[in-house]
Amino acid sequence: MEEAAELDSVVAGRVRQLRAAKGLTLDQLAALSGVSRAMISRIERAETSATAVLLVKLGSALGVTLSALFEPPGAKHEVVRRAAESPTRVDPETGYRRRNVAPHSESGTEIVDVVMPAGARVAYDNLTAMPVEQFVWVFDGILTFTTDDATTELGPGDCRVMRLDGPLVFHNRTETPVRYAVILVPHTPAPGLRR
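Residues numbered from 1 in each chain as written. Predicted model: local features only at pLDDT ≥ 70, side-chain atom pairs only at ≥ 80, totals over all residues. Heavy atoms only, no water.

Quick look at the packing of aromatic side chains now. Evaluation of the coordinates by the stated rule reveals four aromatic pairs. Plain terms: the ring middles of Tyr-124 and Phe-170 are 6.1 Å apart, the flat faces sit at 75° to each other, and that makes the pair edge-to-face. Note that Tyr-124 is positioned in strand S4 (residues 121–124) and Phe-170 in strand S9 (residues 168–171), a separation of 46 residues in sequence. Exposure remark for Tyr-124: the relative accessible area of 9% places this residue in the buried category. Judged by relative accessible area, which is 4%, Phe-170 ranks as buried. (Phe/Tyr/Trp six-rings, centres within 6.5 Å; stacked < 30°, edge-to-face > 60°. Helix = DSSP H or I, 4+ residues; strand = E, 2+ residues; numbered from the N terminus. Buried < 20%, exposed > 50% of the residue type's maximum accessible area, 1.4 Å probe, protein only.)

Structure follows, in structure tokens:
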């Protein structure tokens, strides 16, 4: 419980910092994100553990990924991140666990270890296109992933890549947890390459 409260404080500081850097009022961020002004205020005061869906909406409106909201404001670049020091959060709505694995680096690449409980479903429907490619790499279990009206089942060892530019649904339709990594890489298209 103490770790969750500490991470809620980090999220509160990041949202405040990013909102101030963009010169947005609470009302303006609410309009951009689709998250109510009252909820944003509660998040900024660390009075609630917001769901991943709400935080993705806020991050998208602020131009950052969900993982970036779990890094303290002004975090220094690291070379090594110890497992015990990795920001870890359990989503209050679905029970899925996310752990930021990668050290905070200049490249902006993020690696997240996720464990999704049996039957859990997380839908991100209000994403603003971001210049990021997302790789989803399954280690254990079966993950059903839906984007752009296409559904793909990923099993152990399978990996899918996509841009963060539309609705995404992660669903564990099985009776056992699924563990996977999400790798987020700032996107710079290679000359002549389109996806």
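Here we come to the nonpolar core. Membership of the largest hydrophobic core comes to 48 residues, with the highest contact counts inside it found for Leu-55, Met-116, Tyr-124, Phe-170 and Tyr-180. Per-element tally for this core: the top contributor is helix H4 (residues 52–62), with eight residues. What Tyr-180 contacts, discounting residues up to four positions off in sequence, is Val-112, Asp-113, Val-114, Met-116, Val-136, Trp-137, Val-138, Phe-139, Leu-143 and Phe-170. (Core = buried A, V, L, I, M, F, W, Y, C linked by side-chain atoms within 4.5 Å. Contact = heavy atoms within 4.5 Å.)

Moving on, we come to the packing of helix H2 (residues 26–33) against H4. For the pair H2 and H4, interaxial distance at closest approach is 9 Å and the crossing angle is 105°. Relative to H4, H2 is oriented roughly perpendicular. Across from Leu-29, Leu-32 and Ser-33 in H2, the residues of H4 making contact are Lys-57, Leu-58, Ala-61 and Leu-62. Classifying every residue of the contact of H2 with H4 by side-chain character gives five nonpolar, one polar and one charged. (Axes fitted to C-alpha atoms, helices over the stretch in contact; angles between N-to-C directions. Parallel < 35°, antiparallel > 145°, perpendicular 65-115°, else oblique. Nonpolar A, V, L, I, M, F, W, Y, C, P; charged D, E, K, R; others polar.)

To continue, consider the pattern of salt bridges. Side-chain pairing between opposite charges can occur once the charged atoms of the two side chains come close. Across all of its chains, the model carries seven salt bridges by this definition. Taking the shortest distance from any N to any O, the salt bridge between Asp-27 and Arg-37 comes out at 3.1 Å. Remark: Arg-37 occurs in helix H3 (residues 37–44) and Asp-27 occurs in helix H2; sequence separation between them is 10 residues. Taking the relative accessible area as the measure of exposure, Asp-27 reaches 47% and is therefore partly exposed. Put simply, Asp-113 and Arg-179 hold a salt bridge, and the shortest N to O gap is 3.0 Å. Here Asp-113, found in strand S3 (residues 110–116), pairs with Arg-179, found in strand S10 (residues 178–186); they are 66 residues apart in sequence, far enough to count as distant. Since its relative accessible area comes to 6%, Asp-113 is described here as buried. The class for Arg-179 is partly exposed, based on a relative accessible area of 32%. (Salt bridge = Lys/Arg side-chain N within 4 Å of Asp/Glu carboxyl O.)

Let us now look at the environment of Glu-85. Assignment of secondary structure puts Glu-85 in the loop between helix H5 (66–69) and strand S1 (88–90). Residue Glu-85 is classed as exposed on the basis of its relative accessible area, which comes to 55%. Separated by 14 residues in sequence, Glu-85 and Arg-99 place their C-alpha atoms 9.9 Å apart.

Turning our eyes to something else, we now look at the environment of Pro-92. Note on placement: Pro-92 falls in the loop between S1 and strand S2 (97–100). The partly exposed category is assigned to Pro-92, whose relative accessible area is 47%. Sequence separation between Pro-92 and Ser-49 is 43 residues, and the spatial gap between their C-alpha atoms is 6.8 Å. Residues contacting Pro-92, with those up to four places away along its chain left out, are Ser-49, Ala-50 and Thr-51.

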